[in-house]
Each structure stands twice: as C-alpha cells, then as structure tokens.
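One-letter residues, chain by chain:
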Amino acid sequence: MCAWDRRHAPPSPCPLPRGGERENVAHGDQFCIASRRPYIQKVGMKTLIAWFGSLLLFVLAAGAAGKPNIVFILADDMGFSDVACYGGEIATPNLDALARGGLRFTQFYNTARCWPTRGALLTGYYAQQIHRDALPNLGGGGQGVRQPWARLLPDFLKTAGYRSYHSGKWHVDGPVLAGGFDRSLYVKNDGNFFTAKGNLLDDKPIVPAADESGYYTTIATVDHAIECLKDHAANHKDKPFFHYVAFIAPHFPLHALPQDIARYRDAYLEGWEKMRAARHARQLKMGLVNTPLSAVEPDLGPPYHFPEALEKLGPGEVNRPLPWDQLTPEQRRFQATKMAIHAAMIDRMDREIGRLMDQLKAMGAFDDTLILFASDNGASAEIMVRHGGHDPKAEPGSAATYLCLGPGFSSACNTPFRRHKTWVHEGGISTPLIAHWPRGISARGELRRTPAHVIDFVPTALELAGVQKPAEWQGEPIPPAPGKSLVPAFAKDIIIPRESLWWLHEGHRAIRVGDWKLVAAKGDPWELYDLSRDRAEQRNLAGQMPDKVKELEQAWQRQTENFSELVKKTMDLQPRGGAGKGGGKKAGK
C-alpha cells in the first residue's frame, strides 16, 4: 500500500459556523431553496472569487496541454471501499498509482443502478430525463429510448476532432456506433466471463474461437482497448481520442481465473464485521471520511427474493448479513469464498488497467490523457441464479457456477455506508472517482471533497475539449443539462456550486442540498441526515427538523415534476406498453 499524502484541504471561505468534515460553501444560503436573493448574495463574493480563481489556476496550468485524450474506466457493482486507495485490502497497485499521481474524490455519486448510470454518464442528464429510468406513472427504464436531442458524448466531441472508442459493457439504448463511437467491443454476454459468445464487434456478432480455453472477459476487454489505441497511434495520431472502457467485473456471476482466486482464498474467513472495521480504520487514517461506521441492518436482505435460487445454491448461502459467529462453518467458508472471487475479479481488473496504462505510455499519450475511474453503483446484495444455472459440485468461480456476493460482504464492500445497489442511501450511490492527468492536473495524491455525480462527466469533457454544446440538434432544442464541470476542482479543493443532486430508482428517492440529504426507501417515510457529520446515515433528524424535511421534499417534488413535463413530450417514441415501469430489465442488471 502506498504512502498517501494525507494533507487536509485548506479551509473554505464559507463563514457559516457549522462543524463537520470541513467548512465549505455547500452549507447554508448558497443552497437555501426558499431564498430568492441574488446569487452573489447567496454564495458570497469571497466564494465566487475562490471558485473563479481555481478555474483560472487550472486554465493556466493546463493551457499548454491542449485538448487531452480522455479515458473513462467504469467498474460494475464495485463497492466504495473495494480498491486499496479507498480503504480496501484488495491489491490494486495500478489504481493506487493513478490516485497517488492525481486526485481522489470523496463524495462522488452514481445513480444506484447499471443502465441509469451509463445513460447519465454519457449524456450528462439524469436518466429519468431521457426515458432511461422510471418516473411516477410515466414508465422509463432499461427499454426506454432517448429523445433525438439526448446525444451521447462522442457526437459532440467529433466537432473538436476526437475519435471515440468503446470497450466492454454497453447497456445504453441503441447500437454503439450509432452513438458516435468509431469502434466498439460490446460485451453483451454478461452471464459467462469465459466465452465471447453473444458479444458484438462494431455492432456485428462475434464468432467465438473454436478453443476458448484462454478467454476471460476482463482480459478481452482490455485486449480490444489496446488494439484500438495501437490503431489510433498508427493511423490517427494527430487526433485526440475518447475511450470508454466499461468492465463487467465484479458484477455477478462471480467468475474469476483460478490463479486470481487463489490469492484471496482464505483472506475473508474472519468475516464481514472485521473486514468492515479494518476498511473503516484505513479510511479514517487516509482522511477519506469522518463519519462513524454505519450499523449493519441484519433484517435487510437482497432487493429481490428468489427462493428457488437459495435452494439451488445450497446450505452455505445466507440471504441476511447475520453476525459472523452465528453462521455454520459451511456458511462461513461459502461466504468467504464468494468474497474471495469478488476480490479476484477486482484484482484482475486492476492488472488489466495496468496493461492499458502501459499502452498509453508506449504510444507517448499517458501524460496527455485524463484517466477517470468510477463504479456504476454500490456493491450488490442480490442473490439469484440465471443464464446457464449453477452446478454446486463445480469449482466456485468457474463457468458452471452462478454465485452473487450477497448482503453480508456487500455491506463490507460499501464501508462505511448504509445499504447496497438499487437503494439511494449512501451505500448504493457512492463510488470512488480517481482523476489522473499529469500534464493537466498538478496536484499529486490529493483529495477533493466537492459533491459530484456522473452527470458531471459530459460538461467536464466538453470544457476540456473546447466544445460549446449546441442549443439544438437537427432542429430540436436541447434542454439545459443538470451537470456541472469538475474542471475547477482539478486545480483546487473547492465546492462546485449547484442547487441539488437528485435520485429516484424503483421507488427509492433522495435529494442532497448542500450537506443536507433527504432519503427514503420505497414505501418508507423520509429520513433527514446532515452529511457533513453523518454520511453513514445513522442519526435521522427528520423528527427534529420537520421544516427542513418539508423544504427538501418540495425541492425533490419540483425536480420530479420538471422531469415529468420533459418526458411527456416524447412518450410516443417509447416502446409500446411503455418503457418498463419496473425498470424495463430483469432484476439484477
């Protein structure tokens, strides 16, 4: 594990006397929804000067770099604390090196689920704005179809001379090349890591090799990425590029190479409680969080119940995060083995990221490339058996098995937060964000504490590419996008001004305004948390502060209504029967 730069960020100019992780402009009047004072009055002149000063510093530092190459690496179902530089014990030296040479964001968010995150990441809109997740009584979800104006990032980057490549998972509506990408490996087979069957190359079916004994999806994803980069260096070296590398790992089924599993086989036999405590201690030491460790919710299991899957998986499976000492020896071994495979998948992903970095260095592009790394949602508590089924006699992690992490170790992977993928409590929506760009980011090993979201990637990329987003697309007006450029935060640890961050997925709902978060699971009453002190969401202040609950609830409702009015205009473009009120995809994607 590297020796991290643990310097604390300088104090913010915010004059409000609130405690917590640090004083910052996210508190108080900047986000006062009821206030209608002029914006400068809200944030304060000092705050605006600091924000614009940071932007100027960045422009001066990065001006010589020109248009950077951009690589966005997305993991699938990886927890906030899984990589070593966010507190984990899994060996991730390549991601650690990127963090040591760049930035780690401590409050970066996704949408809690796979396809909404990918739609938001590549368009800069909340998924509900583009029919890619459900709104009340309006459908939307995995079968939803984006409006014609909801273009993907490559369409806009083309105007600045960029070529765009995609390697890995897609889960966005429409063919990849129609989204503006020049080349693509679409890993459509998400049920077996050991075959290319069902995958697409440039939107055409792949014919698998007769002998696939050496095939593994994570390696094949980077093989394709490297092939694209080599071709770019040989034939398009005068152009910048955007490469979207979307791993399926560590999404279920838990499939890993035997040699990778062997490194972790006995690493988790002490159980999820000790793993959570150790990760939390490292996070505190790194300065990543200041919150106490959340309590495990022993009655909270997978988001979907498949009793037949429990029967197929056998007596070693448990669908609740019970105290480790209450499990049988068979259950402890089974659960520890599943976590070992999860770790092996992340270990292998990091090794392949290392190969990708080596290629960037070999072609002389590494210093001119902004590399970003994140996960599409928190670790998953799901337990199911799909695709080819599960053979309990086969070696765990092999192609004949179908294992899922489950709620016990998912809780540990999401340390220090509550809940899992699909929920919009912090455990479901919090992800690492590593940013590395030697020629454009002068900071080394620093933290950035501004709240941010995957909707911020598109405006960040467009600013760096020097692209002014058009006001219309083929005669259709393009609505304002909610994301904010993170470019000022590359120069300095400041808070990016914004009104709010908003979530809705399968009835789970939340809004964050400054450091106040209002959140509720489906069917439950609102909970209120002060995230400056309590990102673990342990002290519900709703009963003590009903006016704040009402204020934030109204803000959430206004946002929801605005999105609803937008999508009503294009309901005729959706598949007959709607885009799927329950998400439009089978549970677990």
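Calculation rules
What you see as residue numbers is a count from 1 along each chain, following the sequence as written. Totals for whole chains, interfaces and linings use all residues, but because this is a predicted model, local features are given only for residues with pLDDT of at least 70 and pairs of side-chain atoms are given and counted only at 80 or more. Hydrogens and water are ignored here; the side-chain numbers use all heavy atoms of the structure. Any two strands with at least two DSSP bridges between them are considered paired. Numbering of helices and strands runs from the N terminus; a helix is a DSSP stretch of H or I covering at least four residues, while a strand is a stretch of E covering at least two. In this analysis an axis means a line fitted to C-alpha atoms, helices contributing only their contacting stretch, and an angle means the value between N-to-C directions, from 0 to 180 degrees. The cut-offs for exposure are 20% and 50% of the maximum accessible area for each residue type, with area from a 1.4 Å probe on protein chains only; residues under the lower value are buried, those over the upper are exposed, and the others partly exposed. Polar contacts here mean pairs of N or O atoms no more than 3.5 Å apart (in protein, one a potential hydrogen donor and the other a potential acceptor; neighbouring residues in sequence count only if both atoms are side-chain atoms). For classification, angles of less than 35 degrees are called roughly parallel, those exceeding 145 degrees roughly antiparallel, those between 65 and 115 degrees roughly perpendicular, and all remaining angles oblique. The contact criterion used throughout is that any non-hydrogen atoms of two residues lie within 4.5 Å. Side-chain classes follow a simple rule in which Ala, Val, Leu, Ile, Met, Phe, Trp, Tyr, Cys and Pro form the nonpolar group, Asp, Glu, Lys and Arg form the charged group, and the remainder, Gly included, forms the polar group. We define the nonpolar core as a collection of buried residues of types Ala, Val, Leu, Ile, Met, Phe, Trp, Tyr and Cys that are connected through side-chain atoms lying within 4.5 Å of one another. Helices are assigned an expected span. That span is 1.5 Å times one less than the residue count. We define a salt bridge as a contact between a side-chain nitrogen of Lys or Arg and a carboxyl oxygen of Asp or Glu at a distance within 4 Å.

Peer 1: In this structure, what is going on with the sheet that holds strand β14 (residues 501–505)? I would like to understand it.
Peer 2: Strands sit in the order β14-β15-β16-β17 across an open sheet of 4 strands; the sheet is antiparallel. A single partner strand is all that each edge strand has here, and the edge strands are β14 and β17 (527–530). In this sheet, adjacent strand axes meet at a mean angle of 10 degrees when their direction is disregarded. As defined by bridge partners, strand β15 (residues 508–513) adjoins strand β16 (residues 516–520) across 5 bridges and the pair is classed as antiparallel.

Peer 1: Help me understand the side chain of Arg498 in this model?
Peer 2: Here Arg498 lies in the loop between α14 (487–491) and β14. Residue class for Arg498 comes out buried when judged on its relative accessible area of 8%. Engagement of the side chain of Arg498 in a polar contact is seen with the side chain of Asp456, the distance being 2.6 Å.

Peer 1: Hey, could you run me through the pairing of β16 in this one?
Peer 2: Two faces make up the sheet, and in a regular strand the side chains alternate between them. The buried fraction of β16 is high, at 5 of 5 residues. Of the two faces of β16, both are covered, the one formed by Trp516, Leu518 and Ala520 as well as the one formed by Lys517 and Val519. What sits between the antiparallel neighbours β15 and β16 is a turn of 2 residues, in which Gly514 has the positive phi angle 65 degrees. Across 4 bridges, β16 lies against β17 in antiparallel orientation.

Peer 1: Mind showing me how you'd approach the packing of helix α3 (residues 93–100) against helix α10 (residues 329–362) here?
Peer 2: In helix packing, the relevant descriptors are the interaxial angle and the interaxial distance, both defined with respect to the helix axes. Where α3 contacts α10, the two axes come as close as 7 Å, and the packing angle between them is 55 degrees. As the angle between them shows, α3 and α10 are arranged oblique. On α10, the residues that touch Pro93, Asn94, Leu95 and Leu98 of α3 are Asp350, Arg351, Ile353, Gly354 and Met357. Among the residues forming the contact of α3 with α10, the class breakdown is 5 nonpolar, 2 polar and 2 charged.

Peer 1: What am I meant to see in the side chain of Arg113 here?
Peer 2: In this fold, Arg113 is placed in the loop between β2 (103–109) and α4 (114–123). When its relative accessible area of 1% is taken as the criterion, Arg113 is described as buried. Separated by 2.8 Å, the side chains of Arg113 and His505 make a polar contact. Here the side chain of Arg113 touches Glu506 through a polar contact of 3.0 Å, side chain to side chain.

Peer 1: What is the right way to read the nonpolar core from this model?
Peer 2: Most often, soluble globular proteins keep nonpolar side chains buried together rather than apart. The biggest cluster of nonpolar side chains holds 84 residues, and the ones touching the most others in it are Phe105, Trp170, Phe242, Tyr244, Phe457 and Phe490. In terms of residues, this core owes the most to one element, helix α15 (residues 546–568), which gives 7 residues. Listed in part, the 77 residues of the second largest apolar core include Leu98, Tyr165, Leu288 and Leu313.

Peer 1: Can you help me understand helix α6 (residues 217–235) in this one?
Peer 2: Residues spaced three or four apart along an α-helix point in a common direction, a consequence of the helix completing one turn every 3.6 residues. With 19 residues, α6 should cover 27 Å at 1.5 Å per step; its first-to-last C-alpha distance of 27 Å lies within 8% of that length. Buried within α6 we find Thr217, Thr218, Ala220, Thr221, Val222, His224, Ala225, Ile226, Cys228, Leu229 and His232. Lining the buried residues of α6 we find β3 (163–168), β4 (183–186), β5 (200–201), β7 (241–246) and α10.

Peer 1: Explanation requested: the pattern of salt bridges in the structure shown.
Peer 2: Pairs may arise between side chains of opposite charge once their charged atoms sit close together. A full pass over the atoms with the stated rule returns 40 salt bridges. As a salt-bridge pair, Glu352 and Arg348 come within 3.2 Å of each other at their nearest N and O atoms. With Glu352 and Arg348 both in helix α10 and 4 residues apart, the pair spans about one turn of that helix. On the basis of relative accessibility, which here comes to 3%, the residue Glu352 falls in the buried class.

Peer 1: Any chance you could explain the pairing of β7 here in plain terms?
Peer 2: Counting buried residues along β7, 6 of its 6 residues qualify, which places the element largely inside the surrounding structure. The side-chain alternation of β7 yields two buried faces, one formed by Phe241, His243 and Val245 and the other by Phe242, Tyr244 and Ala246. Looking at chain direction, strand β1 (residues 69–75) and β7 are connected through 5 bridges and run parallel. Along β7, the bridge assignment pairs Leu74 with Ala246. Bridge analysis of β3 against β7 gives 6 bridges, and the strand direction is parallel. In the sheet register, Ser164 faces β7, and the bridge partner there is Phe242.

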